[in-house]
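The chain contents come next:
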Amino acid sequence: MAKITFITSSNEKITVAATEGSVMELAVNNNVQGIDGDCGGVCSCATCHVFVAPEDVDKVGVASEIETDMLELADDANEYSRLCCQIPVTDAIDNVVFTVAK
Amino acid sequence: MCTSKDICVIIGASHAGVNTAFNLRKEKWLGKIILIDADPELPYHRPPLSKTYLTANTSTTNLLKPVESYKKDNITLLLGKKVTRLDAVNRCLFLDNETKIYYTKLVLATGAKPIIPTIEGLKETASYFCLRTAADIVAIKESYNASKTKKVVIIGGGYIGLETAASLKKIGAEVVVLERESRILKRVATAVISDFFRDLHTQNGVQILENKEVSKVENTLENGVKVTKVHCTDASYFTAEVLILGVGVVPNKKLAKQAGLKLKNGISVANTGETSNLNIYAVGDCAYHYNLHYKTYVRLESVQNAVDQSKIIAANICGNPLMYNTIPWFWSDQYNVKLQIVGLAENYTDYIVREEQDKENVISVWYFNNDELLAVNAINHTKAYVIGTKFIKESKKIAKEKLADTSIPLSKDIAVVN
Ligand SMILES: Cc1cc2nc3c(=O)[nH]c(=O)nc-3n(C[C@H](O)[C@H](O)[C@H](O)COP(=O)(O)OP(=O)(O)OC[C@H]3O[C@@H](n4cnc5c(N)ncnc54)[C@H](O)[C@@H]3O)c2cc1C
Ligand code: FES
């Protein structure tokens, strides 16, 4: 079980728990504004862009080559950016905080 | 502009209709939103149907939105209800010839339906499957699981047919794809792409047969197993326990026709999504629209088009004028290969193929109309897709000789500096 917090662009804080699926699915299933997941989670649309809290980067891990390339389509991407459909929900990311990109 | 008394009715609750409903709330539509679909399932993503859904052990679809979201945004979902008649004069429609619903604004998000080709015996055989709805795929899965020979024939080598071939192969099927044209994907891609995917499927043990026009199907017994015999015009034949049709779709225009709307290859819309009736909008696969970048009329079948148009029409319905102006994009996943497409290649004069050095199966095809980059097809090459997207958006000129030279790594530096 992992407890995950999303902070939306309107500063809403949503904390939810899950055991499986991707972080994108978790966000969509909990109405987290700003995460659309239009491609259904196959790293093709870049509508699930989040920023990982700097202290959580080690827990979350790094983006694959495809994901890194796709992130270039997001104007505001930075070193903490991830496409959260590519982050599986596991115990390893318990208590991680994601800020949703605008 | 809108009041709480207004009613927006949306026909079709798939990628286009569902996104329109939620975007209407984002745009502060105050009135009722009624979202209707003949499909009884809670709205789901279609792309996984031919990809992961067939190979997954579960029968749960990927929902577009959880059921709570509809409640939260006060969207009334009427599922399993077909709109049988549209009366644009009195601004009302009928569900299953009974319930009458009035609207202030109407959105036609009716999408497209599979083409059933005229093949002798097909109707009588009745044991064929289409590739459009979750129910179609569930039926394919069940029929496949119950089959003894695991023999599948897919008529049509477009993206969806090929994805389905890959998925079924993965779970052990013996798959034959019959394509009428001289090459698979002919309608949507150049020979380079067709050749790549033909090889990919062949390597994976799927038989891709081109120039194969199916003329007749019939039920028969083979070694005591009930099969369908699929005959081609060249006198060859194939047997299948599961027969799948993937020969394309046609837009659902029936209601639009009843309403007297202007029709072309789809429902004609302005760049605002408005049809020829100012209270009716059309969006997604059914909408024949103008692409500002390519200066051409098109009807597109893609998630991107459905999603992006839904934003535009929701804004316009709420009195916030916005014009549809995007560069289309699309993807297809087969085996472990990812194809990403950006742009419209239709009017290309020439193209450049890049096969990256020292990397297997990392290919991109760049389509030009003289100096203008029109589109990029990227195979396992997201970088090419992303760079191409930016170049097209910015109408950048490209140094073609640099692009063609794979000793130069692909980067933004291939653009010509003005
Ligand atoms: C198997 C498959 C794989 C795909 N893969 C990809 C992909 O990888 N990438 C991509 O970009 N696109 C893909 N697509 C295309 C994409 O799914 C479509 O472009 C998208 O679904 C279009 O959405 P839409 O809402 O416009 O139309 P549709 O999805 O066709 O939805 C229209 C809805 O309207 C309903 N409807 C129609 N008439 C009536 C009526 N009279 N009364 C009530 N309801 C009605 C229908 O039941 C239907 O649910 C795929 C499609 C399929 C089928
Ligand atoms: S959901 Fe499309 S890239 Fe993540």
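Reading guide: rules and limits
Residues numbered from 1 in each chain as written. Chains lettered and ligands numbered in written order. Predicted model: local features only at pLDDT ≥ 70, side-chain atom pairs only at ≥ 80, totals over all residues. Heavy atoms only, no water. Helix = DSSP H or I, 4+ residues; strand = E, 2+ residues; numbered from the N terminus. Rg over C-alpha atoms; globule rule 2.2 N^0.38 Å. Buried < 20%, exposed > 50% of the residue type's maximum accessible area, 1.4 Å probe, protein only. Contact = heavy atoms within 4.5 Å. Areas by Shrake-Rupley, 256 points an atom, 1.4 Å probe, with all protein chains shown as cover. Lys, Arg positive; Asp, Glu negative; His and termini not counted. Charge placed at Lys NZ, Arg CZ, Asp CG, Glu CD. Near = heavy atom within 4 Å. Polar contact = N/O pair within 3.5 Å; in protein donor to acceptor, adjacent residues only side chain to side chain. Nonpolar A, V, L, I, M, F, W, Y, C, P; charged D, E, K, R; others polar. Phe/Tyr/Trp six-rings, centres within 6.5 Å; stacked < 30°, edge-to-face > 60°. Lys NZ or Arg CZ within 6 Å of the ring centre and 35° of its normal. Buried area = accessible area lost by both parts, 1.4 Å probe. Salt bridge = Lys/Arg side-chain N within 4 Å of Asp/Glu carboxyl O. Pairing = 2+ DSSP bridges. Axes fitted to C-alpha atoms, helices over the stretch in contact; angles between N-to-C directions.

Q: Sorry, what's going on with the overall build of chain A here?
A: Helices and strands together make up the secondary structure of chain A, namely 3 helices and 5 strands. In terms of overall size, chain A behaves like a compact globule, its C-alpha atoms giving a radius of gyration of 12 Å where 102 residues would be expected to give roughly 13 Å. Considering chain A as a whole, with its 102 residues, one finds that 50% of them fall into the buried category. For chain A, restricting intrachain contacts to residue pairs at least 6 apart in sequence, the fraction spanning at least 24 positions comes to 64%. On chain A, roughly 4800 Å² of surface is accessible, and the fraction owed to carbon and sulfur atoms is 47%. Chain A carries 5 positive and 17 negative side-chain charges, and their two centres are separated by 10 Å.

Q: Would you explain unusual backbone geometry in this entry?
A: Trans peptide bonds make up most of the peptide bonds, and negative phi angles are found at most residues other than glycine. Residues and elements named next belong to chain B. Positioned with a positive phi, asparagine 211 is a non-glycine residue whose angle comes to about 55°. Mapped onto the fold, asparagine 211 is located in the loop between strand E12 (207-209) and strand E13 (214-222). The class of asparagine 211 is exposed, set by a relative accessible area of 52%. At asparagine 361, a residue that is not glycine, the phi angle is positive and equals roughly 55°. Note on placement: asparagine 361 falls in the loop between strand E25 (350-355) and strand E26 (363-369).

Q: Whenever I open this one, the site of ligand 1 confuses me. Can you help?
A: Residue and element names in this part refer to chain B. Around ligand 1, the structure places 31 residues, and the nearest of them are Asp37, Arg46, Lys51, Arg132 and Asp285. Between ligand 1 and the protein, one listed contact pairs an oxygen atom with a backbone N or O atom of alanine 109 at 3.5 Å. Between an oxygen atom of ligand 1 and a side-chain N or O atom of arginine 132, the distance comes to 2.7 Å. Partitioning the shell around ligand 1 into residue classes produces 14 nonpolar, 9 polar and 8 charged.

Q: I tried to follow the packing of aromatic side chains on my own but got confused; where do I start?
A: Two descriptors summarise a pair of aromatic rings, namely the distance from one centre to the other and the angle between the planes of the rings. Residues and elements named next belong to chain B. Summed over the entire model, instances satisfying the criterion amount to 10 aromatic pairs over all chains. Taking the centre distance of 5.8 Å and the plane angle of 70° together, the rings of tyrosine 348 and tyrosine 351 count as edge-to-face. The exposure class assigned to tyrosine 348 is partly exposed, which follows from its relative accessible area of 34%. Pairwise contacts between aromatic rings join Tyr288, Tyr290 and Tyr297 into one cluster. Against the face of tyrosine 144 rests lysine 150, its NZ or CZ located 4.7 Å from the ring centre. Taking NZ or CZ as reference, lysine 229 lies 4.4 Å from the ring centre of tyrosine 237, over its face.

Q: Would you take a moment to explain the interface of chain B and chain A for this structure?
A: Quoted interface sizes are often the accessible area lost when the parts come together. Tallying the contact residues gives 23 residues for chain B and 19 residues for chain A. Counting each side, the surface lost to burial between chain B and chain A is near 1800 Å², with a carbon and sulfur contribution of 51%. Linking chain B with chain A are 3 salt bridges, by the criterion used here. Taking the shortest distance from any N to any O, the salt bridge between glutamate 72 of chain A and lysine 390 of chain B comes out at 3.8 Å. Looking at the side of chain B that touches chain A, the elements with two or more residues in it are helix H4 (67-72), helix H10 (303-317), strand E23 (329-334), strand E24 (337-343) and helix H11 (382-393) of chain B. Here the element with the most residues in the side of chain B that touches chain A is H11 of chain B; it accounts for 6 residues. Split into classes, the residues belonging to the side of chain B that touches chain A amount to 8 nonpolar, 6 polar and 9 charged.

Q: Explain the sheet that holds strand E7 (residues 105-108) of chain B here, please?
A: Paired through their backbone hydrogen bonds, the strands of a sheet run either parallel or antiparallel. Residues and elements named next belong to chain B. The 5 strands lie next to each other as E3-E2-E1-E7-E20, forming an open sheet whose pairing is parallel. With one partner strand each, in any of the chains shown, strand E3 (75-79) and strand E20 (280-282) form the two edges of the open sheet. Neighbouring strand axes in the sheet, compared pairwise and without regard to direction, differ in orientation by 20° on average. Pairing analysis gives 5 bridges linking strand E1 (residues 7-11) to strand E2 (residues 32-37), with the strands arranged parallel. Residue pairing across strands places cysteine 8 opposite isoleucine 33, the latter belonging to E2. Against the sheet, helix H1 (residues 15-26) engages E1, E2, E3 and E7, with an angle of about 175° to E2.

Q: Help me understand the pattern of salt bridges in this model?
A: Once their charged atoms are close, side chains differing in charge can pair, the charge on each being opposite to the other. A full pass over the atoms with the stated rule returns 17 salt bridges over all chains. Measuring nitrogen to oxygen at the nearest pair gives 3.8 Å for the salt bridge that ties lysine 151 of chain B to glutamate 222 of chain B. Of this pair, lysine 151 of chain B sits in strand E10 (residues 151-155) while glutamate 222 of chain B is found in strand E13, placing the two residues 71 residues apart along the sequence. By relative accessible area, which is 22% here, lysine 151 of chain B ends up partly exposed. We note a salt bridge from lysine 212 of chain B to aspartate 234 of chain B, for which the minimum N-O separation is 2.7 Å. Taken together, the residues lysine 212 of chain B in the loop between E12 and E13 and aspartate 234 of chain B in the loop between strand E14 (225-232) and strand E15 (237-240) connect sequence positions 22 residues apart. For aspartate 234 of chain B, a relative accessible area of 42% translates into the label partly exposed. Counted as one network, the salt bridges with shared partners bring together Glu72 of chain A together with Lys390 and Lys412 of chain B.

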